[in-house]
Amino acid sequence: MSERKVRVRFAPSPTGPLHIGGVRTALYNYLFARQHGGDFVFRIEDTDSHRFVPGAEDYIIESFKWLGIKFDEGVSFGGDHGPYRQSERRKIYKKYVQELLDNGKAYLAFDTPEELEKKREEIKNFQYDAHTRMSMRNSLSLPKEEVEQLLADDAQYTVRFKVEPGEEIHVNDLIRGDVCVKSDILDDKVLYKSADELPTYHLANIVDDHLMEITHVIRGEEWLPSAPLHVLLYKAFGWEDTMPRFAHLPLLLKPEGKGKLSKRDGDRLGFPVFPLEWHDPKTGEVSSGYRESGYFSEAVVNFLALLGWNPGTDQELFTLDELIKAFDITKCSKSGAKFDYQKGIWFNHEYILRKSDEEIATIFAPIVANNGVDESFDRVKQVVHLMKDRVNFVKELWPLCAFFFIAPTSYDEKTTKKRWKEFSAQQMRELIEVLKGIDNFSVESQEPVVEQWIADKGYKMGDVMNAWRLALVGIGKGPGMFDISTFLGKEETIRRMQKAIETLG
(Lines give C-alpha, C1' and ligand atoms only; values in the text may rest on other atoms or scores of the structure.)
Protein backbone atom coordinates (compact mmCIF):
# COMPACT_ATOMS: atom_id res chain seq x y z
CA MET A 1 0.00 0.00 0.00
CA SER A 2 2.77 2.44 0.92
CA GLU A 3 4.29 2.20 -2.56
CA ARG A 4 1.06 3.16 -4.31
CA LYS A 5 0.43 6.78 -5.21
CA VAL A 6 -2.29 8.25 -3.00
CA ARG A 7 -5.56 8.60 -4.90
CA VAL A 8 -8.80 9.76 -3.29
CA ARG A 9 -12.17 10.60 -4.75
CA PHE A 10 -15.28 12.64 -4.14
CA ALA A 11 -18.33 10.98 -5.67
CA PRO A 12 -21.59 12.91 -5.23
CA SER A 13 -24.97 12.00 -6.69
CA PRO A 14 -26.60 14.68 -8.91
CA THR A 15 -29.82 14.60 -6.90
CA GLY A 16 -29.89 18.27 -5.87
CA PRO A 17 -27.64 20.94 -4.40
CA LEU A 18 -24.41 20.02 -2.64
CA HIS A 19 -24.87 19.99 1.16
CA ILE A 20 -22.22 21.74 3.24
CA GLY A 21 -21.39 18.35 4.82
CA GLY A 22 -20.48 17.08 1.35
CA VAL A 23 -18.28 20.12 0.83
CA ARG A 24 -16.38 19.30 4.01
CA THR A 25 -15.90 15.67 2.88
CA ALA A 26 -14.52 16.89 -0.44
CA LEU A 27 -12.25 19.39 1.35
CA TYR A 28 -10.75 16.70 3.60
CA ASN A 29 -10.15 14.49 0.55
CA TYR A 30 -8.49 17.41 -1.24
CA LEU A 31 -6.25 18.26 1.74
CA PHE A 32 -5.27 14.60 2.14
CA ALA A 33 -4.42 14.24 -1.57
CA ARG A 34 -2.37 17.45 -1.70
CA GLN A 35 -0.53 16.62 1.51
CA HIS A 36 0.57 13.24 0.12
CA GLY A 37 1.30 14.47 -3.40
CA GLY A 38 -1.63 12.40 -4.63
CA ASP A 39 -4.56 12.71 -7.03
CA PHE A 40 -8.07 13.93 -6.31
CA VAL A 41 -10.74 12.32 -8.53
CA PHE A 42 -14.25 13.65 -9.23
CA ARG A 43 -16.78 10.93 -9.97
CA ILE A 44 -20.53 11.24 -10.47
CA GLU A 45 -22.66 8.48 -8.94
CA ASP A 46 -25.83 8.61 -11.01
CA THR A 47 -26.96 4.97 -10.99
CA ASP A 48 -30.28 5.97 -9.43
CA SER A 49 -31.82 7.56 -12.53
CA HIS A 50 -35.16 8.26 -10.77
CA ARG A 51 -33.50 10.76 -8.42
CA PHE A 52 -31.54 12.65 -11.10
CA VAL A 53 -32.09 16.44 -10.94
CA PRO A 54 -31.23 18.59 -14.00
CA GLY A 55 -28.52 21.17 -13.31
CA ALA A 56 -27.24 19.44 -10.16
CA GLU A 57 -23.98 18.25 -11.75
CA ASP A 58 -23.11 21.72 -13.09
CA TYR A 59 -24.01 23.19 -9.70
CA ILE A 60 -21.57 20.83 -7.93
CA ILE A 61 -18.73 21.68 -10.34
CA GLU A 62 -19.41 25.43 -10.04
CA SER A 63 -19.41 25.14 -6.23
CA PHE A 64 -15.90 23.67 -6.14
CA LYS A 65 -14.67 26.21 -8.65
CA TRP A 66 -15.86 28.99 -6.31
CA LEU A 67 -14.35 27.29 -3.25
CA GLY A 68 -10.96 26.86 -4.93
CA ILE A 69 -10.98 23.07 -4.39
CA LYS A 70 -9.37 21.66 -7.53
CA PHE A 71 -9.74 18.16 -8.96
CA ASP A 72 -6.99 16.39 -10.88
CA GLU A 73 -9.25 14.20 -12.98
CA GLY A 74 -12.87 13.19 -13.38
CA VAL A 75 -16.13 14.39 -14.90
CA SER A 76 -15.33 17.57 -16.91
CA PHE A 77 -11.62 17.36 -15.91
CA GLY A 78 -10.50 14.40 -18.08
CA GLY A 79 -8.10 11.63 -17.04
CA ASP A 80 -7.01 8.07 -17.79
CA HIS A 81 -9.53 6.19 -15.65
CA GLY A 82 -12.80 7.24 -17.29
CA PRO A 83 -15.60 7.32 -17.92
CA TYR A 84 -16.15 9.01 -14.56
CA ARG A 85 -19.94 9.08 -14.72
CA GLN A 86 -21.40 5.81 -13.47
CA SER A 87 -24.29 5.79 -15.95
CA GLU A 88 -21.65 5.54 -18.70
CA ARG A 89 -20.04 2.45 -17.13
CA ARG A 90 -22.91 -0.07 -17.48
CA LYS A 91 -20.92 -2.61 -19.49
CA ILE A 92 -18.06 -2.53 -16.99
CA TYR A 93 -20.37 -3.34 -14.07
CA LYS A 94 -22.14 -6.16 -15.97
CA LYS A 95 -18.82 -7.95 -16.39
CA TYR A 96 -18.15 -7.86 -12.63
CA VAL A 97 -21.72 -8.88 -11.74
CA GLN A 98 -21.25 -11.92 -13.97
CA GLU A 99 -17.92 -12.71 -12.30
CA LEU A 100 -19.57 -12.83 -8.87
CA LEU A 101 -22.38 -15.05 -10.21
CA ASP A 102 -19.93 -17.42 -11.92
CA ASN A 103 -17.89 -17.76 -8.74
CA GLY A 104 -20.94 -18.46 -6.54
CA LYS A 105 -20.45 -15.17 -4.61
CA ALA A 106 -23.83 -13.80 -5.74
CA TYR A 107 -27.19 -15.15 -6.91
CA LEU A 108 -30.29 -14.10 -8.85
CA ALA A 109 -33.39 -13.16 -6.84
CA PHE A 110 -36.83 -13.05 -8.49
CA ASP A 111 -38.88 -11.90 -5.48
CA THR A 112 -41.36 -9.18 -6.42
CA PRO A 113 -41.72 -6.05 -4.25
CA GLU A 114 -45.13 -7.41 -3.12
CA GLU A 115 -43.61 -10.73 -2.04
CA LEU A 116 -40.89 -8.95 -0.09
CA GLU A 117 -43.43 -6.71 1.61
CA LYS A 118 -45.53 -9.76 2.59
CA LYS A 119 -42.45 -11.38 4.11
CA ARG A 120 -41.71 -8.24 6.14
CA GLU A 121 -45.24 -8.36 7.52
CA GLU A 122 -44.88 -12.06 8.39
CA ILE A 123 -41.45 -11.84 10.01
CA LYS A 124 -40.60 -9.02 12.38
CA ASN A 125 -37.26 -7.33 11.43
CA PHE A 126 -37.07 -9.55 8.33
CA GLN A 127 -33.64 -9.70 6.75
CA TYR A 128 -32.81 -11.35 3.41
CA ASP A 129 -29.81 -13.43 4.51
CA ALA A 130 -28.37 -16.94 5.07
CA HIS A 131 -31.25 -17.79 7.42
CA THR A 132 -34.09 -16.73 5.10
CA ARG A 133 -32.74 -16.91 1.53
CA MET A 134 -33.78 -20.55 0.96
CA SER A 135 -37.41 -19.65 1.67
CA MET A 136 -37.35 -16.93 -1.00
CA ARG A 137 -37.59 -17.08 -4.82
CA ASN A 138 -33.98 -17.08 -6.02
CA SER A 139 -31.47 -19.12 -8.00
CA LEU A 140 -30.33 -20.87 -4.79
CA SER A 141 -33.82 -22.09 -3.80
CA LEU A 142 -35.46 -22.67 -7.21
CA PRO A 143 -34.75 -25.60 -9.59
CA LYS A 144 -32.30 -24.74 -12.39
CA GLU A 145 -35.01 -25.21 -15.07
CA GLU A 146 -37.32 -22.74 -13.38
CA VAL A 147 -34.54 -20.15 -13.17
CA GLU A 148 -33.80 -20.62 -16.88
CA GLN A 149 -37.50 -20.29 -17.73
CA LEU A 150 -37.82 -17.09 -15.70
CA LEU A 151 -34.84 -15.61 -17.55
CA ALA A 152 -36.26 -16.74 -20.91
CA ASP A 153 -39.53 -15.01 -20.00
CA ASP A 154 -37.62 -11.79 -19.23
CA ALA A 155 -38.71 -11.86 -15.60
CA GLN A 156 -37.23 -8.99 -13.65
CA TYR A 157 -34.57 -9.93 -11.13
CA THR A 158 -31.96 -8.52 -8.81
CA VAL A 159 -28.49 -9.86 -8.11
CA ARG A 160 -27.84 -10.30 -4.40
CA PHE A 161 -24.46 -10.72 -2.71
CA LYS A 162 -24.15 -13.98 -0.81
CA VAL A 163 -22.98 -13.12 2.70
CA GLU A 164 -21.62 -16.16 4.53
CA PRO A 165 -22.58 -16.27 8.22
CA GLY A 166 -20.16 -16.68 11.14
CA GLU A 167 -17.41 -14.41 9.83
CA GLU A 168 -15.69 -11.54 11.62
CA ILE A 169 -15.17 -8.59 9.29
CA HIS A 170 -12.50 -6.06 10.22
CA VAL A 171 -12.62 -2.51 8.87
CA ASN A 172 -9.33 -0.70 9.47
CA ASP A 173 -10.48 2.90 9.87
CA LEU A 174 -7.96 5.77 10.04
CA ILE A 175 -10.18 7.70 12.47
CA ARG A 176 -12.00 4.96 14.39
CA GLY A 177 -9.32 2.25 14.46
CA ASP A 178 -10.29 -1.40 14.04
CA VAL A 179 -14.05 -1.77 13.59
CA CYS A 180 -15.13 -5.41 13.88
CA VAL A 181 -18.54 -6.61 12.67
CA LYS A 182 -20.10 -10.10 12.59
CA SER A 183 -21.28 -11.07 9.12
CA ASP A 184 -24.54 -12.45 10.60
CA ILE A 185 -25.91 -8.92 11.01
CA LEU A 186 -25.49 -8.16 7.28
CA ASP A 187 -28.19 -8.89 4.72
CA ASP A 188 -27.63 -10.17 1.19
CA LYS A 189 -27.47 -6.71 -0.38
CA VAL A 190 -28.83 -6.09 -3.87
CA LEU A 191 -25.90 -5.34 -6.19
CA TYR A 192 -27.67 -5.11 -9.53
CA LYS A 193 -31.20 -4.61 -10.90
CA SER A 194 -32.25 -5.97 -14.28
CA ALA A 195 -35.05 -3.37 -14.50
CA ASP A 196 -32.65 -0.53 -15.36
CA GLU A 197 -29.54 -2.65 -16.02
CA LEU A 198 -27.65 -0.64 -13.43
CA PRO A 199 -25.75 -1.66 -10.31
CA THR A 200 -26.55 -0.32 -6.86
CA TYR A 201 -24.23 2.02 -4.98
CA HIS A 202 -22.42 -0.88 -3.25
CA LEU A 203 -21.18 -2.70 -6.36
CA ALA A 204 -20.54 0.40 -8.51
CA ASN A 205 -18.52 1.97 -5.71
CA ILE A 206 -16.24 -1.03 -5.21
CA VAL A 207 -15.64 -1.62 -8.91
CA ASP A 208 -14.98 2.06 -9.58
CA ASP A 209 -12.65 2.50 -6.60
CA HIS A 210 -10.69 -0.58 -7.70
CA LEU A 211 -10.43 0.35 -11.39
CA MET A 212 -9.67 4.00 -10.59
CA GLU A 213 -6.92 2.83 -8.19
CA ILE A 214 -8.37 4.65 -5.19
CA THR A 215 -6.08 4.14 -2.18
CA HIS A 216 -8.13 5.90 0.53
CA VAL A 217 -11.89 6.25 0.89
CA ILE A 218 -12.65 9.32 3.03
CA ARG A 219 -16.40 9.72 3.44
CA GLY A 220 -19.15 10.60 5.91
CA GLU A 221 -19.92 8.59 9.01
CA GLU A 222 -23.29 7.63 7.52
CA TRP A 223 -21.45 5.20 5.19
CA LEU A 224 -19.73 3.34 8.04
CA PRO A 225 -22.44 0.59 8.19
CA SER A 226 -21.75 -0.26 4.52
CA ALA A 227 -17.97 -0.58 5.04
CA PRO A 228 -18.04 -4.28 6.17
CA LEU A 229 -19.98 -5.21 3.02
CA HIS A 230 -17.43 -3.34 0.90
CA VAL A 231 -14.62 -5.25 2.62
CA LEU A 232 -16.40 -8.54 1.79
CA LEU A 233 -16.83 -7.46 -1.85
CA TYR A 234 -13.12 -6.67 -2.18
CA LYS A 235 -12.37 -10.16 -0.86
CA ALA A 236 -14.96 -11.76 -3.15
CA PHE A 237 -13.18 -10.27 -6.17
CA GLY A 238 -9.76 -11.24 -4.78
CA TRP A 239 -8.71 -7.60 -4.50
CA GLU A 240 -7.52 -7.63 -0.86
CA ASP A 241 -4.09 -6.27 -1.84
CA THR A 242 -5.59 -3.11 -3.35
CA MET A 243 -8.31 -2.55 -0.76
CA PRO A 244 -8.36 1.16 0.14
CA ARG A 245 -7.92 2.46 3.68
CA PHE A 246 -11.17 3.85 5.09
CA ALA A 247 -11.76 7.04 7.07
CA HIS A 248 -15.32 7.81 8.19
CA LEU A 249 -15.74 11.47 9.11
CA PRO A 250 -17.89 12.70 12.00
CA LEU A 251 -21.37 14.01 11.21
CA LEU A 252 -22.13 17.71 11.07
CA LEU A 253 -24.69 18.28 13.81
CA LYS A 254 -27.39 20.93 14.30
CA PRO A 255 -26.13 24.14 15.99
CA GLU A 256 -27.77 22.90 19.20
CA GLY A 257 -25.69 19.72 18.88
CA LYS A 258 -28.48 17.12 18.67
CA GLY A 259 -29.24 15.46 15.35
CA LYS A 260 -27.82 15.80 11.85
CA LEU A 261 -27.60 19.27 10.27
CA SER A 262 -30.39 19.83 7.74
CA LYS A 263 -31.63 22.54 5.41
CA ARG A 264 -34.49 23.17 7.86
CA ASP A 265 -31.93 24.22 10.50
CA GLY A 266 -30.55 26.81 8.10
CA ASP A 267 -34.03 28.09 7.25
CA ARG A 268 -34.94 28.23 10.95
CA LEU A 269 -31.81 30.06 12.12
CA GLY A 270 -31.05 32.04 8.97
CA PHE A 271 -27.82 30.55 7.61
CA PRO A 272 -27.07 28.73 4.33
CA VAL A 273 -26.40 24.98 4.17
CA PHE A 274 -25.41 25.04 0.48
CA PRO A 275 -22.27 26.60 -1.04
CA LEU A 276 -24.19 28.42 -3.81
CA GLU A 277 -27.77 29.58 -4.15
CA TRP A 278 -29.94 26.74 -5.45
CA HIS A 279 -33.03 27.09 -7.64
CA ASP A 280 -35.07 23.90 -7.44
CA PRO A 281 -36.14 23.07 -11.02
CA LYS A 282 -39.21 21.13 -9.78
CA THR A 283 -40.64 23.41 -7.09
CA GLY A 284 -39.07 26.74 -8.08
CA GLU A 285 -37.95 27.15 -4.45
CA VAL A 286 -34.77 29.19 -3.95
CA SER A 287 -32.34 28.15 -1.20
CA SER A 288 -29.64 30.53 0.02
CA GLY A 289 -25.96 29.89 -0.65
CA TYR A 290 -22.76 30.99 1.08
CA ARG A 291 -21.51 32.81 -2.04
CA GLU A 292 -24.67 34.88 -2.53
CA SER A 293 -24.93 35.56 1.21
CA GLY A 294 -21.64 37.42 0.99
CA TYR A 295 -19.19 34.90 2.43
CA PHE A 296 -15.65 34.70 1.09
CA SER A 297 -14.81 31.24 -0.24
CA GLU A 298 -11.60 31.18 1.84
CA ALA A 299 -13.60 31.88 5.01
CA VAL A 300 -16.01 29.01 4.24
CA VAL A 301 -13.10 26.61 3.60
CA ASN A 302 -11.32 27.70 6.80
CA PHE A 303 -14.54 27.37 8.83
CA LEU A 304 -15.35 23.90 7.46
CA ALA A 305 -11.81 22.58 7.92
CA LEU A 306 -12.09 23.04 11.68
CA LEU A 307 -15.48 21.30 11.99
CA GLY A 308 -14.43 17.87 13.16
CA TRP A 309 -10.65 18.32 12.91
CA ASN A 310 -8.31 20.09 15.31
CA PRO A 311 -4.77 21.18 14.41
CA GLY A 312 -3.69 20.70 18.03
CA THR A 313 -2.68 24.39 18.32
CA ASP A 314 -4.49 27.68 19.00
CA GLN A 315 -4.27 28.70 15.33
CA GLU A 316 -7.67 29.29 13.74
CA LEU A 317 -6.92 31.23 10.56
CA PHE A 318 -5.38 29.07 7.84
CA THR A 319 -4.71 29.64 4.16
CA LEU A 320 -5.37 26.61 1.94
CA ASP A 321 -1.62 25.93 1.78
CA GLU A 322 -1.37 26.09 5.58
CA LEU A 323 -4.28 23.67 5.88
CA ILE A 324 -2.58 21.24 3.51
CA LYS A 325 0.55 21.27 5.70
CA ALA A 326 -1.28 21.02 9.03
CA PHE A 327 -4.06 18.56 8.14
CA ASP A 328 -3.93 15.11 9.76
CA ILE A 329 -6.84 12.77 9.01
CA THR A 330 -6.11 10.69 12.13
CA LYS A 331 -6.77 13.78 14.28
CA CYS A 332 -10.39 14.00 13.14
CA SER A 333 -12.97 13.68 15.89
CA LYS A 334 -14.96 10.46 16.27
CA SER A 335 -18.00 12.30 17.59
CA GLY A 336 -20.18 14.70 15.59
CA ALA A 337 -19.18 18.33 15.09
CA LYS A 338 -21.68 21.01 16.15
CA PHE A 339 -22.32 23.40 13.24
CA ASP A 340 -21.57 26.74 14.91
CA TYR A 341 -22.79 29.06 12.14
CA GLN A 342 -21.91 32.12 14.26
CA LYS A 343 -18.29 31.01 14.05
CA GLY A 344 -18.68 30.99 10.26
CA ILE A 345 -19.71 34.66 10.45
CA TRP A 346 -16.67 35.36 12.67
CA PHE A 347 -14.39 33.79 10.06
CA ASN A 348 -15.88 36.02 7.35
CA HIS A 349 -15.20 39.11 9.49
CA GLU A 350 -11.59 37.99 9.98
CA TYR A 351 -11.14 37.56 6.23
CA ILE A 352 -12.52 41.07 5.60
CA LEU A 353 -9.76 42.36 7.91
CA ARG A 354 -7.16 40.21 6.13
CA LYS A 355 -8.07 41.48 2.68
CA SER A 356 -6.67 44.73 1.29
CA ASP A 357 -8.81 47.87 1.14
CA GLU A 358 -8.60 47.60 -2.63
CA GLU A 359 -10.12 44.08 -2.68
CA ILE A 360 -13.00 45.09 -0.43
CA ALA A 361 -13.54 48.36 -2.33
CA THR A 362 -13.81 46.39 -5.59
CA ILE A 363 -16.81 44.56 -4.11
CA PHE A 364 -18.24 47.63 -2.36
CA ALA A 365 -17.96 50.11 -5.28
CA PRO A 366 -20.87 48.57 -7.30
CA ILE A 367 -23.06 48.71 -4.14
CA VAL A 368 -22.26 52.44 -3.83
CA ALA A 369 -23.08 52.97 -7.51
CA ASN A 370 -26.35 51.00 -7.19
CA ASN A 371 -27.41 53.46 -4.51
CA GLY A 372 -27.19 56.30 -7.01
CA VAL A 373 -23.82 57.64 -5.88
CA ASP A 374 -21.20 58.57 -8.48
CA GLU A 375 -17.98 58.34 -6.48
CA SER A 376 -14.36 57.66 -7.44
CA PHE A 377 -12.84 54.27 -6.58
CA ASP A 378 -10.19 55.99 -4.50
CA ARG A 379 -12.84 57.67 -2.33
CA VAL A 380 -14.69 54.35 -1.89
CA LYS A 381 -11.37 52.79 -0.83
CA GLN A 382 -10.89 55.50 1.82
CA VAL A 383 -14.29 54.69 3.32
CA VAL A 384 -13.50 50.96 3.30
CA HIS A 385 -10.27 51.68 5.17
CA LEU A 386 -12.21 53.52 7.89
CA MET A 387 -15.12 51.12 8.20
CA LYS A 388 -14.28 47.54 7.19
CA ASP A 389 -13.43 46.45 10.73
CA ARG A 390 -17.06 47.11 11.75
CA VAL A 391 -18.78 44.59 9.47
CA ASN A 392 -19.00 40.82 8.97
CA PHE A 393 -20.07 41.11 5.32
CA VAL A 394 -19.26 43.68 2.64
CA LYS A 395 -23.00 44.20 1.99
CA GLU A 396 -23.31 45.53 5.57
CA LEU A 397 -21.06 48.48 4.72
CA TRP A 398 -23.64 50.58 2.87
CA PRO A 399 -26.08 51.21 5.77
CA LEU A 400 -23.08 52.07 7.98
CA CYS A 401 -21.27 54.20 5.40
CA ALA A 402 -24.02 55.89 3.41
CA PHE A 403 -23.48 59.17 5.32
CA PHE A 404 -20.02 59.53 3.74
CA PHE A 405 -21.66 59.89 0.33
CA ILE A 406 -25.11 61.25 1.13
CA ALA A 407 -25.77 64.08 3.63
CA PRO A 408 -28.32 63.25 6.34
CA THR A 409 -31.84 64.48 5.59
CA SER A 410 -33.05 63.76 9.13
CA TYR A 411 -31.52 63.36 12.57
CA ASP A 412 -31.97 60.38 14.85
CA GLU A 413 -34.53 61.38 17.49
CA LYS A 414 -32.95 59.52 20.39
CA THR A 415 -29.46 60.83 19.62
CA THR A 416 -30.78 64.38 19.15
CA LYS A 417 -32.50 64.31 22.54
CA LYS A 418 -29.33 63.09 24.22
CA ARG A 419 -26.58 64.90 22.29
CA TRP A 420 -27.97 68.19 20.91
CA LYS A 421 -28.03 70.52 23.91
CA GLU A 422 -29.40 74.09 24.15
CA PHE A 423 -25.87 75.45 23.52
CA SER A 424 -24.99 73.03 20.65
CA ALA A 425 -26.09 75.35 17.84
CA GLN A 426 -23.86 78.16 19.20
CA GLN A 427 -20.89 75.81 19.62
CA MET A 428 -21.35 74.55 16.03
CA ARG A 429 -21.42 78.17 14.72
CA GLU A 430 -18.15 78.85 16.51
CA LEU A 431 -16.64 75.57 15.26
CA ILE A 432 -17.55 76.53 11.67
CA GLU A 433 -15.44 79.69 12.06
CA VAL A 434 -12.55 77.65 13.48
CA LEU A 435 -12.73 75.17 10.56
CA LYS A 436 -12.87 78.00 8.01
CA GLY A 437 -9.48 79.15 9.28
CA ILE A 438 -7.78 75.79 8.66
CA ASP A 439 -6.15 75.72 5.22
CA ASN A 440 -4.84 72.14 5.20
CA PHE A 441 -7.97 70.10 6.03
CA SER A 442 -6.14 66.87 6.98
CA VAL A 443 -6.72 64.96 10.24
CA GLU A 444 -3.26 66.05 11.45
CA SER A 445 -4.03 69.75 10.84
CA GLN A 446 -7.61 69.81 12.15
CA GLU A 447 -7.20 67.82 15.36
CA PRO A 448 -4.78 70.06 17.34
CA VAL A 449 -6.55 73.29 16.25
CA VAL A 450 -10.06 72.07 17.20
CA GLU A 451 -8.90 70.51 20.48
CA GLN A 452 -7.04 73.71 21.42
CA TRP A 453 -10.17 75.79 20.67
CA ILE A 454 -12.29 73.47 22.89
CA ALA A 455 -9.72 73.80 25.72
CA ASP A 456 -9.47 77.58 25.34
CA LYS A 457 -13.26 77.97 25.49
CA GLY A 458 -13.55 75.60 28.47
CA TYR A 459 -16.07 73.46 26.59
CA LYS A 460 -16.51 69.74 27.26
CA MET A 461 -14.95 67.63 24.51
CA GLY A 462 -17.92 65.18 24.57
CA ASP A 463 -20.51 67.95 24.11
CA VAL A 464 -18.78 69.36 21.04
CA MET A 465 -17.87 66.05 19.41
CA ASN A 466 -21.28 64.44 19.94
CA ALA A 467 -23.14 67.41 18.48
CA TRP A 468 -20.67 67.62 15.59
CA ARG A 469 -21.14 63.90 14.86
CA LEU A 470 -24.93 64.31 14.83
CA ALA A 471 -24.58 67.24 12.41
CA LEU A 472 -22.36 65.34 9.94
CA VAL A 473 -23.75 61.79 10.26
CA GLY A 474 -27.36 62.19 11.46
CA ILE A 475 -26.85 59.61 14.22
CA GLY A 476 -24.36 58.94 17.01
CA LYS A 477 -22.26 56.41 15.08
CA GLY A 478 -19.23 56.29 12.82
CA PRO A 479 -15.43 56.47 12.97
CA GLY A 480 -13.34 59.31 14.42
CA MET A 481 -14.77 62.79 13.77
CA PHE A 482 -11.63 64.13 12.11
CA ASP A 483 -11.61 61.11 9.75
CA ILE A 484 -15.17 62.00 8.75
CA SER A 485 -14.56 65.75 8.29
CA THR A 486 -11.32 65.12 6.36
CA PHE A 487 -13.14 62.75 3.99
CA LEU A 488 -16.06 65.16 3.47
CA GLY A 489 -13.76 68.16 2.96
CA LYS A 490 -14.15 71.65 4.38
CA GLU A 491 -17.01 72.80 2.16
CA GLU A 492 -19.27 69.75 2.68
CA THR A 493 -18.48 69.61 6.42
CA ILE A 494 -19.54 73.24 6.91
CA ARG A 495 -22.60 72.82 4.69
CA ARG A 496 -23.82 69.87 6.82
CA MET A 497 -23.17 71.77 10.04
CA GLN A 498 -25.19 74.80 8.83
CA LYS A 499 -28.06 72.49 7.82
CA ALA A 500 -28.08 70.89 11.31
CA ILE A 501 -28.12 74.32 12.98
CA GLU A 502 -31.09 75.36 10.82
CA THR A 503 -32.97 72.11 11.40
CA LEU A 504 -32.24 71.42 15.05
CA GLY A 505 -31.94 75.03 16.28
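Up top is the structure these notes are about.
Quick caveat, the model's predicted, so the values are computed rather than measured.

Parameters at a glance
- Residues numbered from 1 in each chain as written.
- Predicted model: local features only at pLDDT ≥ 70, side-chain atom pairs only at ≥ 80, totals over all residues.
- Heavy atoms only, no water.
- Buried < 20%, exposed > 50% of the residue type's maximum accessible area, 1.4 Å probe, protein only.
- Helix = DSSP H or I, 4+ residues; strand = E, 2+ residues; numbered from the N terminus.
- Pairing = 2+ DSSP bridges.
- Salt bridge = Lys/Arg side-chain N within 4 Å of Asp/Glu carboxyl O.
- Core = buried A, V, L, I, M, F, W, Y, C linked by side-chain atoms within 4.5 Å.
- Contact = heavy atoms within 4.5 Å.
- Expected span 1.5 Å × (residues − 1).
- Bend = angle between axes of the 7 residues up to and from the residue.

Student: I'd like a rundown of the pairing of strand β6 (residues 168-173), residues and numbers included.
Tutor: Here β6 shows a clear split, with I169, V171 and D173 buried on one side and none of E168, H170 and N172 buried on the other. With 6 bridges joining them, β6 and strand β7 (residues 177-182) adopt antiparallel strand pairing. Counted as the bridge partner of H170 is C180 from β7. The loop that links β6 with its antiparallel partner β7 comprises 3 residues.

Student: With reference to specific residues and values, describe the pattern of salt bridges.
Tutor: One pass over the full model with this rule turns up 40 salt bridges. Between K331 and D328 there is a salt bridge, with the nearest N and O atoms lying 3.3 Å from each other. Residue classification places D328 among the partly exposed residues on the basis of a relative accessible area of 25%. A salt bridge links K421 to D463, with the shortest nitrogen-to-oxygen separation between them at 3.2 Å. Placement of the pair is K421 in the loop between α15 (413-419) and α16 (424-436) and D463 in helix α18 (residues 461-473), with a sequence separation of 42 residues. Since its relative accessible area comes to 14%, D463 is described here as buried. Through salt bridges that share partners, R9, R43, E45, R89, D208 and D209 make up one connected network.

Student: Account for the nonpolar core, naming residues and giving values.
Tutor: Counting 153 residues, the largest nonpolar core has I329, F339, F364, F404, L431 and W468 as the members making the most contacts within it. Once residues within four sequence positions are removed from consideration, L431 is found in contact with V450, W453, V464, W468 and M497. Y107, F126, Y128 and M136 belong to the second-largest nonpolar core, a separate cluster that totals 6 residues.

Student: Lay out helix α12 (residues 357-370) with the relevant residues and their values.
Tutor: With 14 residues, α12 should cover 20 Å at 1.5 Å per step; its first-to-last C-alpha distance of 20 Å lies within 8% of that length. A maximum bend of about 35° is found in α12 at I363, where proline P366 lies one to four positions downstream. Looking one or two residues beyond α12, the residue adopting positive phi is G372, at roughly 80°.

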